[in-house]
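What follows is the residue order along each chain.
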Amino acid sequence: EVLCPYQEHGVDWALFLEEACRYCAPGRPCEGQPASDPLIERMQAVFQQDLPFKCIPGLLSAMIVSSQFFLVKTDMLPEVQELMRENWTLAPFPFHTLQYSLYANMVPARLMMCDRTLWDFMPNVYVPRVHPENSGRCG
């Protein structure tokens, strides 16, 4: 159950929670695209609003999802920065606040490897995120 309004400013938090639990195991990265596209759509609906939210766990969870799929360069309010420096659970969402820093500053190592046969051996290994033009990515 979402400890937030079920809907807020057009955002359906209950549906966002359902999608987050479907595509994101606790303590692990979310499934990649295109499988997780429904979750990405829900996350984008949150950021299309320019209104204050009461559902802080949902908003922070949307930030964590965003940091996994997009380069994030936003200035956060000092209060939010402080929250993200501590390891707080965002239950019932399957995230902890420290995941934001991990995903915003690091990228799964398997995405940087040319040999895809090694991907299964590195499900939770990260390397520093770099600009794409400097990444040496294959393909």
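Description of the structure in this document. (Residues numbered from 1 in each chain as written. Predicted model: local features only at pLDDT ≥ 70, side-chain atom pairs only at ≥ 80, totals over all residues. Heavy atoms only, no water.)

## Some thoughts on the pattern of salt bridges
And then number 1: Considering all chains together, one arrives at three salt bridges under this definition.
And then number 2: Put simply, arginine 85 and glutamate 82 hold a salt bridge, and the shortest N to O gap is 3.4 Å. Pair noted here: arginine 85 and glutamate 82 are both in helix α4 (residues 78-85), with a separation of three residues, about one helical turn.
And then number 3: Overall, glutamate 82 belongs to the partly exposed group, its relative accessible area being 43%.
And then number 4: Taken together, the shared-partner salt bridges in this structure form one network comprising Glu18, Glu19 and Arg22. (Salt bridge = Lys/Arg side-chain N within 4 Å of Asp/Glu carboxyl O. Helix = DSSP H or I, 4+ residues; strand = E, 2+ residues; numbered from the N terminus. Buried < 20%, exposed > 50% of the residue type's maximum accessible area, 1.4 Å probe, protein only.)

## Some details on the nonpolar core
And then number 1: Core analysis: the largest hydrophobic core is formed by 31 residues, its most contacted members being Trp13, Phe16, Leu39, Val65, Phe93 and Phe95.
And then number 2: Among the secondary structure elements, those contributing two or more residues to this core are α1 (13-23), α2 (37-47), α3 (56-69), α4 and α5 (98-105).
And then number 3: With six residues, the single largest contributor to this core is α3. (Core = buried A, V, L, I, M, F, W, Y, C linked by side-chain atoms within 4.5 Å.)

## Digging into the side chain of glutamate 19
And then number 1: For glutamate 19, the location among the structural elements is in helix α1.
And then number 2: Relative accessible area serves as the criterion here: at 8%, glutamate 19 is assigned to the buried category.
And then number 3: There is a polar contact of 3.0 Å between the side chain of glutamate 19 and the side chain of arginine 22.
And then number 4: Contacts of glutamate 19, omitting those with residues within four sequence positions, involve Pro38, Leu39 and Arg42. (Polar contact = N/O pair within 3.5 Å; in protein donor to acceptor, adjacent residues only side chain to side chain. Contact = heavy atoms within 4.5 Å.)

## Quick look at the state of the cysteines
And then number 1: Following the criterion strictly, the structure yields two disulfides and no others.
And then number 2: Each sulfur in the disulfide pair cysteine 4 and cysteine 55 lies 2.1 Å from the other. Its torsion about the S-S bond being 65°, the disulfide of cysteine 4 and cysteine 55 is classed as right-handed. Here cysteine 4 is found in the segment before β1 (7-8), whereas its partner cysteine 55 is found in the loop between α2 and α3, with 51 residues between them in sequence.
And then number 3: Disulfide partner of cysteine 24: cysteine 30, at an S-S distance of 2.0 Å. Residues cysteine 24 and cysteine 30 are joined through a disulfide that is right-handed, its torsion about the S-S bond being 100°.
And then number 4: Here cysteine 21 stays free of any disulfide, with the sulfur of cysteine 24 as its closest cysteine sulfur at 8.3 Å. (Disulfide = S-S within 2.5 Å.)

In short, the description is geometric, and any link to function would need to be established separately.
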